[in-house]
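What follows is the residue order along each chain.
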Amino acid sequence: MAFRSRREKLRSILSGSACIHPGSVYDAISIRIAEDLGFPIGMFGGSVASLAVLGDPDITLITLTELAEQMRRMSRAAELPVLVDADHGYGNALNVRRTVQELETAGAAGLTIEDTLLPAAFGEARTQLISLEEGVGKMKAALDGRSDPSLVIIGRTGAASITSLDDTIRRAQAYEATGVDALFFTGIKSRTDLEAVAAATHLPIVLGGAPEELNMLDYLATNRVRIALQGHAPISAATQAVYDTLKALREGTAPKHLKGLASSELTNRVMRDADVKARSANFLGLKK
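Residues numbered from 1 in each chain as written. Predicted model: local features only at pLDDT ≥ 70, side-chain atom pairs only at ≥ 80, totals over all residues. Heavy atoms only, no water.

Participant: Got a minute to help me understand the packing of helix H7 (residues 165-178) against helix H8 (residues 191-200) in this structure?
Facilitator: Helix packing for two helices is described by the angle between their axes and how far apart those axes are. At a minimum axis distance of 10 Å, the contact between H7 and H8 shows a crossing angle of 30 degrees. When the axis of H7 is compared with that of H8, the two are roughly parallel. Our pair here, H7 against H8, has a crossing hand that is right-handed. Counting all contacts with H7, which are made through Leu165, Thr168, Ile169 and Gln173, the residues of H8 involved are Asp193, Ala196, Val197 and Ala200. Along the lines of polarity and charge, the residues of the contact of H7 with H8 split into five nonpolar, two polar and one charged. (Axes fitted to C-alpha atoms, helices over the stretch in contact; angles between N-to-C directions. Helix = DSSP H or I, 4+ residues; strand = E, 2+ residues; numbered from the N terminus. Parallel < 35°, antiparallel > 145°, perpendicular 65-115°, else oblique. Left-handed = near helix turned anticlockwise from the far one by under 90°. Contact = heavy atoms within 4.5 Å. Nonpolar A, V, L, I, M, F, W, Y, C, P; charged D, E, K, R; others polar.)

Shown next as structure tokens:
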């Protein structure tokens, strides 16, 4: 089964001894480029999903159906294993269970479920967390919703930047006890904090939003970090490129004078043009 092999690759990374950077992906083009460049896995973030699908900010406006459909498009386009940011699971624990089912069917290699209170509560500007008990219930529901045992489920907490380090450790230990495959921490700001959570837990660690002092892969690996996110620069770069190109055209630049366009070689490679031509010859009788 093709999806299982992708999931086993992600599991291999988590069970290994090295720390890797994933490629930020969000559509068929970006996942193919990441695959061609040799990234071991892709990361499909909630913020880029919202931007790519809706053009909206990351405030939980995107639906589970939209997220899963975008994942399905990427699964069709490339073999690269993708870890999906499934936010809060789009509701309560029962919704989390269905989120796992939908993303598993869509071909995700793994997904993360977080303990952030989403969407934001009325009249509350600060980010809040759900209770520890509700967070544990969501992790259990996620595991119960998994049909393919190779699908990776990761418990995520943002407590480090919302409550305290002690709460971060308490939540991580509770999520670990449910049987999730790894732990995802955001808001870790120092080596001291990272070393504390690593010492208090046993599972592989995924780290997001870390400061410069936490960007050394060898150091991260010694603290059981297996995946370290680098943000979502590709969609930002793509947005700027589209803006610059449309602006130049609007201001009268001739298409042949535009700068920064993909070469025909790159475009054909991303489109898998050679494969399409081979199929056209085999199935339609067209000359290659």
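Participant: Quick question: what am I supposed to make of empty space enclosed by the protein here?
Facilitator: By rolling a water-sized probe across the atoms, one finds the places where empty space is left. Scanning all chains against the criterion turns up one cavity of 30 Å³ or more. Counted as a void, the largest cavity has a volume near 30 Å³. Leu207, Ala210, Leu214, Asn215, Leu220, Ala228 and Leu229 together form the lining of the largest cavity. A class-by-class count of the residues in the lining of the largest cavity yields six nonpolar, one polar and no charged. (1 Å grid on protein atoms, 1.4 Å probe; cavity = no way out; pocket = protein on both sides within 12 Å on 5 of 7 lines; lining within 4 Å. Points joined across faces, edges and corners; volume = space filled by probe spheres on them.)

Participant: It is not clear to me how the layout of surface pockets should be interpreted in this structure. Could you clarify?
Facilitator: Each pocket or cavity is described by its volume, and for the largest pocket that value is around 720 Å³. Contributing to the lining of the largest pocket are 36 residues, with Asp58, Glu114, Thr116, Arg156 and Thr186 lying nearest its centre. Where the lining of the largest pocket is concerned, the elements lending two or more residues are helix H3 (46-53) and strand S6 (182-186). The class makeup of the residues in the lining of the largest pocket is 12 nonpolar, 17 polar and seven charged. Approximately 620 Å³ is the volume found for the second largest pocket. The wall of the second largest pocket is formed by 28 residues, among which Tyr26, Ile29, Ser30, Ile33 and Ala238 lie closest to the centre. Every element with two or more residues in the lining of the second largest pocket is listed here: strand S1 (23-24), helix H2 (28-36), helix H10 (233-250) and helix H11 (264-270).

Participant: What's the story with the environment of glycine 179 in this structure? I'm lost.
Facilitator: Structurally, the position occupied by glycine 179 is in the loop between H7 and S6. The spacing of glycine 179 and lysine 140 is 39 residues in sequence and 7.9 Å in space, taken between C-alpha atoms.

As far as function goes, none of this settles anything; it's purely spatial.
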